[in-house]
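# Summary of structural features
One letter stands for each residue in the lines below.
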Amino acid sequence: MDEILEVLEKDARLTPEEIAKMLKKKPQGIKEAIKKYEKEGVILKYKAVVNRELIKDTDSLVRALIEVNLTPQKDVGFDKVAERIYSFTEVSSCYLISGTYDLLLVVEGRDLPTVARFVAEKLAPLENVRGTTTHFLLKKYKEDGVILKHREENKRIAISY
Amino acid sequence: MKNIISKKVQDMQPSGIRAFFDLVLGMKDVISLGVGEPDFVTPWSIREAGIYSLEQGFTSYTSNKGLMKLRLSIARYLKNKYNLEYSPEDEILITVGVSEAFDLALRAIINPGDKILIPTPSYVSYGPLTGLAGGIPVYLETQNDNFKLTPKKIDQAADKKTKAIILNYPTNPTGVSYTKKELEGLKKVILKHKLICISDEVYGDLTYDFQHTPFATLSEAKNSCLYLNGFSKSYAMTGWRVGFACGPQEIIAAMTKIHQYTIMCVPITSQMAAVEALDTGRKSVEVMLREYRRRKEFFIHGLNQLGLVCRKPEGTFYAFASTELTGMCGLDFAKKLLEEEKVAVVPGVAFGAGLEDYVRMSFATNFENLKEALVRIENFLRKKRRNK
């Protein structure tokens, strides 16, 4: 993978000038490369990783992992029905997977009944959906390589040879 | 009361910058560029192996030489990486970091009055340990050669009483390293004077611009070379204290004699973790190296722009910068920078004579800190210019 992408994946706030210095390249070249990645959809968006566990007094979110069994369709396989499912704003992630079921969804809702209603009223009745299993998320420890903890203090002594 | 302490120890020079170190350690919220160890924690698989070994009840002594399993892994690693062959039976010794390996090596070979060549700037322990072992350190200054040791320097310094030379590359504190061709040049004079070469290559894995070449891989060099390495820098395992010495059976046996009476063996937990490091840790080393390389480019560029001139390190995570253009000596620069902007660096005088105008700055700290440190140094220098 291009090292520009590697550093941006770690810290999207780096400026092209900083990346240029790090990688010993011209800032203009970095700018152009990033623009190209954005245009091609390699870089889709930039966002902060928020630890929701630490946010108090706001609408808490309930998350569920939902396994979905589908009947594939002629010519388009799972793609068409998957599109119908992932287009719901309640669905935050959608993966086609191998194994005993076909789709794995991450669904978010204001509370448990909201998610349950989504499954019962929107998801399960779909024509090609043969069955669903819902797992509510109890605690998040790590997400996308980030461990959801307070920043750790520095354990090194401040000066040494 | 004075006679309680041995003459040898009384003669050891206390570090001239101990007071400065105490100053740093007493301050809070310092951005430290003064640290001689990686800012990464030991990769989890390695920590996990240490924990598991404790759960399994591995709490005993090991062979004096170290766990056979670890010596085998080291032999395999050196063979694969450098085509360098050592017998795990009698040519490898596991030590408490490279520091212990050094002490053992010097004590094993030095007769009273033997001279040891030490290129400077050098790591702080080489000179004092040589003295403690009864040897005479002979310092070879390199600042006029862009911090690179030259064959001529060795040739001029070596005489009949010279027993060994200490090499350390990539070098702490300058980041200098040597290509194979340069090493061949050094080797010629080292062999000519029949010196033992004690080669501290603990930063070997942290080489940026070319392949690291162990001195022992040069033709005809192996029989007079001690290869020292450890897990501290490349696997971010400083606190585990595991290093190793590889060399001719005769020297390793002599070192093992001392080691068995002083240390007995390296803690088994650390040895078990080191086995895991060699088994599965290579990927982590590569990731860390790429990160260091990016920081290096960014940081060295920044320092040079601020007028803190430094050569680009070929290895290690150190920048050795000249404070000459600031009008301050390294120690003043370090003290004032700490007091006024809370950035800690190590004054060059710690690493040898004639280095008054230098400071060592470590880029083994995260990118945000490096960026902030450069901003603070810039503020500091601007204020100094205004007050002139």
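Cut-offs used in this document
- Residues numbered from 1 in each chain as written.
- Chains lettered and ligands numbered in written order.
- Predicted model: local features only at pLDDT ≥ 70, side-chain atom pairs only at ≥ 80, totals over all residues.
- Helix = DSSP H or I, 4+ residues; strand = E, 2+ residues; numbered from the N terminus.
- Buried ≥ 20, exposed ≤ 12 C-beta atoms within 10 Å, placed from the backbone.
- Contact = placed C-beta atoms within 7 Å.
- Pairing = 2+ DSSP bridges.
- Axes fitted to C-alpha atoms, helices over the stretch in contact; angles between N-to-C directions.
- Parallel < 35°, antiparallel > 145°, perpendicular 65-115°, else oblique.
- Nonpolar A, V, L, I, M, F, W, Y, C, P; charged D, E, K, R; others polar.
- Domains from an automatic or database assignment.

Broken down by element type, chain B carries 13 helices and 12 strands. Oriented by its inertia axes, the alpha-carbon framework of chain B measures out at about 65 × 55 × 55 Å. By residue count, 49% of the 388 residues in chain B fall in the buried class. The contacts of chain B with a sequence gap of at least 6 include a subset with a gap of at least 24, amounting to 74%.

Residues and elements named next belong to chain B. The strand order across the open sheet formed by 7 strands is β2-β8-β7-β6-β5-β3-β4, and the pairing between neighbours is mixed. The sheet is open, and its two borders are formed by β2 (92–95) and β4 (136–141), each paired with just one other strand. Here the strands of the sheet are splayed against their neighbours by 20° on average, with no regard to which way each runs. Across 4 bridges, the pairing between β2 and strand β8 (residues 243–246) is antiparallel. Within the sheet, the bridge partner assigned to Ile-94 lies in β8 and is Phe-244. Relative to the sheet, helix α4 (residues 68–82) contacts β2 and β8, its axis offset from that of β2 by approximately 115°.

We now examine the interface of chain A and chain B. Taken together, the 13 residues of chain A in the interface contact 19 residues of chain B. Sorting elements by how many residues they give to the side of chain A that touches chain B places helix α2 (residues 16–23) of chain A first, with 4 residues.

Residues and elements named next belong to chain B. Their axes nearest at 10 Å, the elements helix α12 (residues 330–341) and helix α13 (residues 367–386) cross at an angle of 105°. Taken as axis vectors, α12 and α13 run roughly perpendicular relative to one another. The segment α12 lies against α13, with Leu-337, Glu-340 and Glu-341 engaging Arg-376, Ile-377, Asn-379 and Phe-380. Split into classes, the residues belonging to the contact of α12 with α13 amount to 3 nonpolar, 1 polar and 3 charged.

Attention now moves to the domain arrangement of chain B. All names here are of chain B. By domain assignment, chain B separates into domain 1 (2–42 + 283–383) and domain 2 (44–281). The centre of domain 1, based on its C-alpha atoms, is set 24 Å off from the matching centre of domain 2. With 34 residues of domain 1 at the contact, the number on the domain 2 side is 36 residues. For the side of domain 1 that touches domain 2, the secondary-structure elements that each account for two or more residues are α1 (7–11), α11 (282–305) and β9 (318–322). In terms of residue count, α11 provides more of the side of domain 1 that touches domain 2 than any other element does, 7 residues in total. Looking at side-chain class alone, the side of domain 1 that touches domain 2 contains 17 nonpolar, 9 polar and 8 charged residues.

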